[in-house]
Amino acid sequence: MRLLWAGPYSLLGLLLAPFFRRRSRRRGALVCEGAAWPRRLGWRYRAITFGHVVLSVDDLDERTFEHEMAHVRQYERWGPAYGPAYGFSSLKALVKGLHYYRDNGFEMAARAVEPFFPPRTPYGSTSDTKNDLSNDGPG
Ligand SMILES: [Zn+2]
């Protein structure tokens, strides 16, 4: 049921999965790692989650994986409403003069699990990642 509820988003993730070098199953999620093309298209984050599919430009470290798993649980809770709810949370942050990503409630909740895990490993795949944003993606 939880799989079905997050299904529309997982489907989007599955469409992108073949364009990553490695795929594995971890704790009920499909984890896809290794791709240079998102960077070339201007993608600035390390990972993004669509439903039960986690996409990462490089090897996912434990802390980032747990952050993304928090997003998986959010998808399971919100189902089809997750996208609009996430967008609304970004809008709310912007209206308050805050950052649309860092101060998004879903991101703050996902970051809350991080202190329980080892620090993130540095990026492995590319050098154009010196942005100061947290290195995971929306969703
Ligand atoms: Zn996140």
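What you see as residue numbers is a count from 1 along each chain, following the sequence as written. Under the rules for a predicted model, residues below a pLDDT of 70 receive no local features and side-chain atom pairs below 80 are neither given nor counted, while totals for whole chains, interfaces and linings still include all residues.

Draft legend 1. Fine view of the overall build of the chain. Elements are defined by DSSP. Helices are runs of H or I of four residues or more, strands are runs of E of two residues or more, and each kind is numbered from the N terminus. Along its length, the chain carries six helices and four strands. Reading the chain from its N end, one meets helices and strands in the order α-α-β-β-α-β-β-α-α-α. For the exposure call, what matters is how many other C-beta atoms sit within 10 Å of a residue's own: 20 or more marks it buried, 12 or fewer exposed, and in between partly exposed, using C-beta atoms placed from the backbone. Here the chain holds 139 residues, and 31% of them are scored as buried.

Draft legend 2. How the structure looks around the pairing of strand β1 (residues 22-26). With zero of its five residues buried, β1 lies for the most part at the surface. In short, DSSP must find at least two bridges between two strands for them to pair. Here β1 pairs with strand β2 (residues 29-33) via five bridges, running antiparallel. Bridge pairing in β2 links Arg23 to Cys32. Between β1 and β2, which pair antiparallel and follow one another directly, the connecting turn spans two residues, one of which, Arg27, has a positive phi of 45°.

Draft legend 3. Inspection of the confidence of the model for the chain at higher detail. pLDDT is a residue-level measure of predictor confidence that goes from 0 to 100. Looking at the chain as a whole, its pLDDT mean stands at 88, while 88% of the residues score no less than 70. Contact criterion: two residues are in contact if their C-beta atoms, reconstructed from the backbone, are within 7 Å. Scored below 50 in pLDDT, residues 125-135 makes 16 contacts in the model with residues more than four places away or belonging to other chains.

Draft legend 4. Seen up close, the sheet that holds β1. As summarised here, the arrangement of the four strands in space is β1-β2-β4-β3, forming an open sheet in which the pairing is mixed. Looking at which strands have only one partner, the edges of the open sheet turn out to be β1 and β3 (47-50). Taking each pair of neighbouring strands and ignoring which way they run, the sheet shows an average axis angle of 20°. With four bridges joining them, β3 and strand β4 (residues 53-56) adopt antiparallel strand pairing. Bridge pairing in β4 places Thr49 opposite Val54. Relative to the sheet, helix α2 (residues 7-16) contacts β3 and β4, its axis offset from that of β4 by approximately 40°. To define axes, lines are fitted to C-alpha atoms, for helices over the stretch in contact only, and angles between the resulting N-to-C directions are given on a 0 to 180 degree scale.

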